[in-house]
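Structural features, examined
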Amino acid sequence: MKNALRVRIAALVIVASSCHAPPAPSPAGPRLAVAESLYADLRSVRDRIDVSVASGLTGRTDATPFSLYLRSHNALRHELSSRLSGIDSTVLDAEDGRALGVMRRTLARDLDSLWDPPATAPAVAGPDCDYDARAIAGGKNGLDSLRSRIYACY
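The rules we used
Residues numbered from 1 in each chain as written. Predicted model: local features only at pLDDT ≥ 70, side-chain atom pairs only at ≥ 80, totals over all residues. Heavy atoms only, no water. Helix = DSSP H or I, 4+ residues; strand = E, 2+ residues; numbered from the N terminus. Buried < 20%, exposed > 50% of the residue type's maximum accessible area, 1.4 Å probe, protein only. Contact = heavy atoms within 4.5 Å. Areas by Shrake-Rupley, 256 points an atom, 1.4 Å probe, with all protein chains shown as cover. Axes fitted to C-alpha atoms, helices over the stretch in contact; angles between N-to-C directions. Parallel < 35°, antiparallel > 145°, perpendicular 65-115°, else oblique. Left-handed = near helix turned anticlockwise from the far one by under 90°. Nonpolar A, V, L, I, M, F, W, Y, C, P; charged D, E, K, R; others polar. Salt bridge = Lys/Arg side-chain N within 4 Å of Asp/Glu carboxyl O. Expected span 1.5 Å × (residues − 1). Polar contact = N/O pair within 3.5 Å; in protein donor to acceptor, adjacent residues only side chain to side chain. pLDDT = per-residue confidence, 0-100. Core = buried A, V, L, I, M, F, W, Y, C linked by side-chain atoms within 4.5 Å.

**Focus on the overall build of the protein chain**
- Each helix and strand counted, the protein chain has 6 helices and 0 strands in total.
- Listing the helices and strands of the protein chain from first to last along the sequence gives α-α-α-α-α-α.
- Taking all 154 residues of the protein chain together, the buried fraction comes to 21%.
- Sequence-distant contacts in the protein chain: of pairs separated by 6 or more residues, those separated by 24 or more amount to 69%.
- Here the protein chain displays about 11500 Å² of accessible surface, and carbon together with sulfur accounts for 58% of that area.

So this is what it looks like as structure tokens:
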């Protein structure tokens, strides 16, 4: 009976010593989560701006003024910068530390502040859509020129 009790106690000691309590959450964890959420929002706004600029659409004819996207970007960037500077990387685990480093580097290199282009920027002239289709089709480049003009005016 004593041997059975000793075996049970030994088994409990072995099981208890092999079980580790989960690590205490990092004090910077919640602040890092907020920063990650702001970073995702900033990336989304910046990507929308970059696509609009690359496609030549600055939102001037859109329901949302382009300057609103720029102000939103700059406000998010400022908030994220403040949040990231307030996180102590020494208390983070390796994965969280790497995420913090990536966000800080990207903010410094790729997500700089944006400014609204001046209101006096020259307007891009649209295509001349008052044309004679037969004259264009019968010209040197024929249907290719007509097709280009139709697409430009569409």
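Anyway, onward from the coordinates.
**Examining the packing of helix 2 (residues 29–54) against helix 3 (residues 66–85)**
- Running from N to C, helix 2 and helix 3 point in directions that differ by 150°, and their axes come no closer than 9 Å. The orientation of helix 2 with respect to helix 3, classified from their angle, is roughly antiparallel. Considering how the two elements wind past one another, helix 2 and helix 3 form a crossing that is left-handed. Two secondary-structure elements touch here, helix 2 through Val34, Ala35, Leu38, Tyr39, Asp41, Leu42, Val45, Arg46, Arg48, Ile49, Ser52 and Val53 and helix 3 through Phe66, Tyr69, Leu70, Ser72, His73, Leu76, Arg77, Glu79, Leu80, Arg83 and Leu84.

**Considerations on the packing of helix 2 against helix 4 (residues 94–109)**
- Contact geometry of helix 2 with helix 4 gives a least axis separation of 11 Å together with a crossing angle of 40°. The angle between the axes of helix 2 and helix 4 places the two elements in the oblique class. In the packing of helix 2 onto helix 4, the handedness of the crossing is left-handed. The segment helix 2 lies against helix 4, with Leu32, Ala35, Glu36, Tyr39, Leu42 and Arg43 engaging Asp96, Ala99, Leu100, Met103, Thr106 and Leu107.
- Residues of the contact of helix 2 with helix 4, tallied by class, amount to 8 nonpolar, 1 polar and 3 charged.

**Topic: the pattern of salt bridges**
- If you walk through the whole model with that rule in mind, you get 4 salt bridges.
- Of the charged contacts in the structure, one is a salt bridge between Asp47 and Arg43, with a shortest N-O distance of 2.9 Å. Pair noted here: Asp47 and Arg43 are both in helix 2, with a separation of 4 residues, about one helical turn.
- The exposure class of Asp47 is partly exposed, given its relative accessible area of 36%.
- Among the charged side chains, a network of salt bridges with common partners joins Arg46, Asp50 and Asp112.

**So, helix 4**
- Over its 16 residues, helix 4 runs 22 Å from end to end, which matches the ideal 22 Å to within 8%, given 1.5 Å per residue.
- Among the residues of helix 4, those classed as buried are Leu100, Gly101, Met103, Thr106 and Leu107.
- Of the residues that open helix 4, the one with a side-chain oxygen 3.3 Å from the backbone nitrogen of Glu95 is Asp93.

**Side note on the confidence of the model for the protein chain**
- Looking at the protein chain as a whole, the pLDDT averages 75, with 64% of positions reaching at least 70.
- Here helix 1 (residues 2–18) stands out as the least confident element of the protein chain, with mean pLDDT 58; helix 4 is the most confident, with 91.
- Note on residues 118–122: pLDDT is under 50 here. Beyond four places in sequence and across chains, it has 1 contact.

**Topic: the nonpolar core**
- The biggest cluster of nonpolar side chains holds 20 residues, and the ones touching the most others in it are Ile49, Leu80 and Leu84.
- Contributing elements (two or more residues each) for this core: helix 2, helix 3 and helix 4.
- In terms of residues, this core owes the most to one element, helix 2, which gives 7 residues.
- When near neighbours in sequence (up to four residues on either side) are disregarded, Ile49 contacts Phe66, Tyr69, Leu70, His73 and Leu114.

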